Amino acid sequence: MSGLVLGIETSCDETAAALVDEGGHVRSSVVASQADLHARYGGVVPEIASRRHLELVSPVVETALEEAGATLEDVSRVAVTQGPGLVGALLVGLSAAKALAWARGLPLVPVDHLRGHVATLYLEPDPLEPPFTCLLASGGHTMVVAVRDRAGFEVLGSTVDDAAGEAFDKGARLLGLAYPGGAELDRLAREGDPEAFSFPVAKVPGLDFSFSGLKTALLYAVRELGEDGLEAHRADLAAAYQRAIVRALVGRLRAAAEQTRDRTVAVVGGVAANSELRAALSDARFAPLALCTDNAAMIASAGRYARPLVSPGYLALDAYASA
Ligand SMILES: Nc1ncnc2c1ncn2[C@@H]1O[C@H](COP(=O)(O)OP(=O)(O)OP(=O)(O)O)[C@@H](O)[C@H]1O
Ligand SMILES: [Mg+2]
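Read on for a plain summary of the structure. Since the structure is predicted, the reported quantities are computational estimates derived from the model, not experimental observations. (Residues numbered from 1 in each chain as written. Chains lettered and ligands numbered in written order. Predicted model: local features only at pLDDT ≥ 70, side-chain atom pairs only at ≥ 80, totals over all residues. Heavy atoms only, no water.)

Once that is clear, we can look at the layout of surface pockets. Its boundaries defined by the atoms lining it, the largest pocket holds a volume of some 1300 Å³. Lining of the largest pocket is provided by 45 residues; of these, Ser138, Gly139, Asp169, Tyr179 and Pro180 occupy positions nearest its centre. Looking at the lining of the largest pocket, the elements that each hand over two or more residues are strand S3 (26-33), helix H4 (113-119), helix H5 (164-174) and helix H6 (182-189). Tallying contributions element by element places H5 first for the lining of the largest pocket, with seven residues. A breakdown of the residues in the lining of the largest pocket according to their chemical character gives 17 nonpolar, 18 polar and ten charged. In this structure, the second largest pocket encloses a volume near 220 Å³. Elements supplying a minimum of two residues to the lining of the second largest pocket: strand S5 (108-112) and H4. Each residue belonging to the lining of the second largest pocket can be placed in one class, and the counts come to twelve nonpolar, two polar and five charged. (1 Å grid on protein atoms, 1.4 Å probe; cavity = no way out; pocket = protein on both sides within 12 Å on 5 of 7 lines; lining within 4 Å. Points joined across faces, edges and corners; volume = space filled by probe spheres on them. Helix = DSSP H or I, 4+ residues; strand = E, 2+ residues; numbered from the N terminus. Nonpolar A, V, L, I, M, F, W, Y, C, P; charged D, E, K, R; others polar.)

To continue, consider the side chain of Glu276. Within the secondary structure, Glu276 sits in helix H8 (residues 275-280). Each residue touching Glu276, except ones within four places of it in the same chain, is listed here: Asp186, Ala239, Gln242, Arg243 and Val246. (Contact = heavy atoms within 4.5 Å.)

With that settled, consider the state of the cysteines. Going through the model one piece at a time under the given rule, you end up with zero disulfides. Looking at Cys134, it has no disulfide partner, and the nearest cysteine sulfur is the one in Cys292, 11 Å off. Take Cys134: its relative accessible area is 0%, and that puts it in the buried class. Assessed through its relative accessible area of 1%, Cys292 is described here as buried. (Disulfide = S-S within 2.5 Å. Buried < 20%, exposed > 50% of the residue type's maximum accessible area, 1.4 Å probe, protein only.)

Quick look at empty space enclosed by the protein now. If a probe as big as a water molecule is rolled over the atoms, it shows which places are left empty. Under the defined criterion, the tally for this structure stands at one cavity of 30 Å³ or more. Size it by volume and the largest cavity reaches roughly 40 Å³. Contributing to the lining of the largest cavity are Pro200, Val201, Ala202, Ser210, Phe211, Leu214, Ala244 and Ala248. Tallied by class, residues from the lining of the largest cavity come to seven nonpolar, one polar and no charged.

This paragraph deals with the environment of Leu237. Note that Leu237 resides in helix H7 (residues 212-260). Linking Leu237 and Pro194, residues 43 residues apart in sequence, is a C-alpha distance of 7.3 Å. In contact with Leu237, other than residues within four places in its own chain, are Leu175, Phe197, Phe199, Leu218, Ala221, Val222, Leu225 and Leu230.

Okay, structure coming up:
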């Protein structure tokens, strides 16, 4: 075995490492989630995340090598998330990647996290060939993009306030669900009646999104119901709230595809795991469920299409916080 790309991802609260071969087969993908650590704070605490990444990054890389039945000898390049994300968290992964690459004289490929999400679609067993129009909906970003080649994308529209995943998490919190609430809200919504409440889909010009008004509408609905009312209508609220988010996402993706005239549409990012979204876009290509939220297989995949930096020119490379 040789020619493996080692991917490392530490942009938020998942410490992840993966090995992907040049053909796009995932040999291993290890994700150590810190969600439990941050749950009691109701969100990710950057300093706690950085410290935990520091403890986890080496064992996670070792486990990824073990699970792939590989050693560092088999690695031909190291791909790592450079941004966007929490800078302290990113620096842990970036430093580990630099150290590994430099020690072995390997090229390093800095990867943009959002390109990573899209590169999930280029993995075996069913790699997608551009052109296509893609919805990227995650905890920190929501955008529609036109993908013309595997090296990148062009942004057609993005959220002017909250990300869709953030809207799910904040809505879940208002409904008393544990952090991170997106998946939990998805489950609860299945027991509810989406028509029981009417939440507006924000009217934003062009192909942009807005979710902050929706969150406020839910807040008022929860207040109006009071504690007993909330208990009785929790599932209905979840269903109606989710329906409004899904409608906004589907509407924008369809409008974007009309503009690009692409016949293929795709969805990536944590929110791509949402069951109602998957059902509403039965003709779309979705990232595999296991690779919707942060992972390193997507980073290794993107690392196959980004420009590698030769050793030791990358030692001064910095992380970046925003796109
Ligand atoms: N089934 C689901 N339904 C809705 N949202 C979900 C579901 N599963 C996960 N999510 C949401 O996905 C988000 C996490 O996705 P992801 O890991 O891609 O985001 P991130 O890495 O934190 O943000 P970014 O990629 O923008 O930096 C969370 O907001 C979570 O609630
Ligand atoms: Mg992400």
